[in-house]
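Architecture at a glance
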Amino acid sequence: MKIFVYHTPELTPSDTIPECAIAVDVLRATSTMATVLAAGGEAVQVFSDLNQLIEVSENWPAEKRLRAGERGGGKVAGFDLGNSPLDCTEEVVEGRRLFISTTNGTRALQRIQDAPIVLTAALINREAVVKFLLEKQPETVWIVGSGWEGTFSLEDTVCAGAIAHSLCQQFNASLEELAGNDEMISAIALYSQWQNDLLGLLHKASHGQRLLRLECYEDLKYCSQTDILDILPIQQEPGVLKSYHK
Ligand code: MLT
């Protein structure tokens, strides 16, 4: 297995696809997706365009759908939800499909949606992702941070490092054996430095600060936890993610 880390979707090569691609948006889209599926959501369907989301979700029974829209960290007017994982309780999401569009996370997923295996990862479901990779052993894996409008995000790269770090340990493999690029090694270095204070890192991250200005402190706290959900969102058809079962 070779693991490649890309800090943003824009940095992924355009002339090749990996066997397995993983989108990461710790703050907060992929944390929300894992939470929705863990709370019994039927599926998560992602859109980059808000109007297209409305159009497609119109064809779904109203009582079986939820529309989530986020731009700039805030909820889009007229949508049921913004992008806070804490709003996605069992009472709200069980048996429903979440139609979601966010600033960066859904764009990252669209960039990788042609890969044969597409997953989403966050810190909260990191070990479920690692378990899957150990079981399937895909030859090439891309871990793609969503970033913020084309720029690097600390929280996505630290999550990529958390995945790669755990894989190296559990494979009993050296960095050189697993690293597909230098970014993978730097992601592990970032995680190694901050693994005992991930909330502290999220507070320093520029998007973390944006969310704090929006009074989303509890979201940062929730998203900074590691391995609390044994759930793996996996793409079933382009843009539609369900929970993986062996
Ligand atoms: C995004 O897609 O950019 C994020 O998930 C933004 C957010 O925190 O809602």
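Residues numbered from 1 in each chain as written. Predicted model: local features only at pLDDT ≥ 70, side-chain atom pairs only at ≥ 80, totals over all residues. Heavy atoms only, no water.

**Comments concerning the overall build of the protein**
The line we're drawing: Helix and strand definitions here come from DSSP, where helices need a minimum of 4 consecutive H or I residues and strands a minimum of 2 consecutive E residues; each element is numbered from the N-terminal end. The quantity called the radius of gyration is restricted to C-alpha atoms. Its globule counterpart is 2.2 Å times the number of residues to the power 0.38. The cut-offs for exposure are 20% and 50% of the maximum accessible area for each residue type, with area from a 1.4 Å probe on protein chains only; residues under the lower value are buried, those over the upper are exposed, and the others partly exposed. Any two residues whose heavy atoms approach within 4.5 Å at even a single point are treated as in contact. What sets the accessible areas is the Shrake-Rupley method with a 1.4 Å probe; for residues, cover comes only from the shown protein chains.
In terms of regular secondary structure, the protein is built from 11 helices and 10 strands. In terms of overall dimensions, the protein is globule-like: its C-alpha atoms have a radius of gyration of 17 Å, near the 18 Å expected for 246 residues. If one aligns the C-alpha atoms of the protein with their principal axes, the spans along those axes are about 50 × 35 × 30 Å. Burial analysis of the protein (246 residues in total) assigns 57% to the buried set. Considering only residue pairs separated by 6 or more positions, the protein has 78% of its internal contacts joining residues 24 or more positions apart. Per element, the accessible surface of the protein, about 10,300 Å² overall, is 46% carbon and sulfur.

**Looking at the site of the ligand**
Rules: It suffices for a single heavy atom of a residue to lie within 4 Å of a molecule or strand for the residue to be listed as near it. Here a polar contact means two N or O atoms within 3.5 Å. Within protein one must be a hydrogen donor candidate and the other an acceptor candidate, and residues neighboring in sequence count only if both atoms are side-chain atoms. For each structure, a 1 Å grid was placed over the protein atoms alone; sets of points admitting a 1.4 Å probe that cannot get out are labelled cavities, open sets with protein on both sides within 12 Å along at least five of seven lines are labelled pockets, and lining residues have an atom within 4 Å of a point. Any molecule with more than half of its atoms within 2 Å of a cavity's or pocket's grid points is counted as sitting in it. Just so you know the grouping, Ala, Val, Leu, Ile, Met, Phe, Trp, Tyr, Cys and Pro go in nonpolar, Asp, Glu, Lys and Arg go in charged, and all remaining residues, Gly too, go in polar.
Taken together, 13 residues form the shell around the ligand, and within it Asn 83, Thr 102, Asn 104, Gly 105 and His 207 come nearest. Measuring from an oxygen atom of the ligand, one finds a backbone N or O atom of Leu 27 at 3.4 Å. For the ligand, whose accessible area on its own is 270 Å², the fraction buried by protein is 100%. Assessed atom by atom at 2 Å from the grid points, the ligand resides in the largest cavity. For the shell around the ligand, a count of residues per class yields 4 nonpolar, 6 polar and 3 charged.

**Points about the state of the cysteines**
To keep things clear, this is the line we draw: The criterion for a disulfide is a pair of cysteine sulfur atoms lying within 2.5 Å.
Counted by the stated rule, this structure contains 0 disulfides. The thiol of Cys 88 is not disulfide-bonded; the next cysteine sulfur, from Cys 223, is found 10 Å away. Free of any disulfide, Cys 159 has its nearest neighbouring cysteine sulfur in Cys 223, separated by 10 Å.

**So, the pairing of strand S6 (residues 97–101)**
Selection rule: Note on pairing: two strands pair once DSSP finds at least 2 bridges between them.
For S6, the buried fraction is high: 5 of the 5 residues fall into the buried class. Of the two faces of S6, the one carrying Arg 97, Phe 99 and Ser 101 and the one carrying Leu 98 and Ile 100 are both buried. Of the pairings in the sheet, the one linking strand S3 (residues 43–46) to S6 comprises 4 bridges and is parallel in character. By the bridge assignment, Val 46 is partnered in S6 with Ile 100. Pairing of strand S4 (residues 65–71) with S6 involves 5 bridges; the strand directions are parallel. Note that in S6 the partner of Arg 67 across the bridge is Phe 99.

**Some words on the nonpolar core**
Our working rule: In this text, buried Ala, Val, Leu, Ile, Met, Phe, Trp, Tyr and Cys residues form a nonpolar core when linked through side-chain atoms within 4.5 Å.
Counting residues in each nonpolar core, the largest one holds 76 residues, and the members touching the most others are Ile 22, Val 44, Leu 119, Leu 133, Ile 143, Ile 163 and Met 184. With 8 residues, helix H6 (residues 154–171) is the largest single contributor of residues to this core. Those residues in contact with Ile 143 that lie beyond four places of it in its chain are Ile 3, Phe 4, Val 5, Tyr 6, Ile 22, Val 24, Ala 160 and Ile 163. In terms of nonpolar packing, the next biggest core, distinct from the first, is built from 6 residues, Phe 47, Leu 50, Val 76 and Phe 99 among them.

**Notes on empty space enclosed by the protein**
Inclusion rule: Grid points are joined across faces, edges and corners, and a volume is the space filled by probe spheres set on the points.
Summed over the entire model, instances satisfying the criterion amount to 1 cavity of 30 Å³ or more. Approximately 80 Å³ is the volume found for the largest cavity. Lining of the largest cavity is provided by 13 residues; of these, Asp 25, Leu 27, Arg 28, Trp 148 and His 207 occupy positions nearest its centre. Grouping the constituent residues of the lining of the largest cavity by class yields 2 nonpolar, 8 polar and 3 charged.

**So, helix H10 (residues 206–213)**
Side chains of residues three or four places apart in an α-helix project in the same direction, reflecting 3.6 residues per turn. Note the cut-off: Directions from the helix axis toward the C-beta atoms define the arc.
Along H10, the positions that sit buried rather than exposed are His 207, Gly 208, Arg 210 and Leu 211. The buried residues of H10 occupy an angular sector of 160° when the element is viewed end-on, so they sit on one face. Among the exposed residues of H10, those pointing more than 90 degrees away from its buried face are Ser 206 and Arg 213. Buried residues along H10 sit in contact with H6, helix H9 (198–204) and helix H11 (217–223). Just beyond H10, the residue with positive phi is Glu 215, at close to 65°.

**Brief notes about the pattern of salt bridges**
What counts here: Salt bridges are defined by distance alone: a side-chain nitrogen of Lys or Arg within 4 Å of a carboxyl oxygen of Asp or Glu.
For the structure shown, the criterion picks out 9 salt bridges. Across the pair Glu 42 and Arg 97 runs a salt bridge, and its minimum N-O distance is 2.8 Å. Residue Glu 42 is located in the loop between helix H1 (29–38) and S3, and its partner Arg 97 is located in strand S6; the two are separated by 55 residues in the primary sequence. When the shortest N-O distance is used, the salt bridge between Glu 58 and Arg 67 registers 2.7 Å. Here Arg 67 falls in the buried class, since its relative accessible area comes to 12%. Each of the salt bridges in this network shares a partner with another, and the network as a whole consists of Glu 42, Arg 97 and Lys 242.

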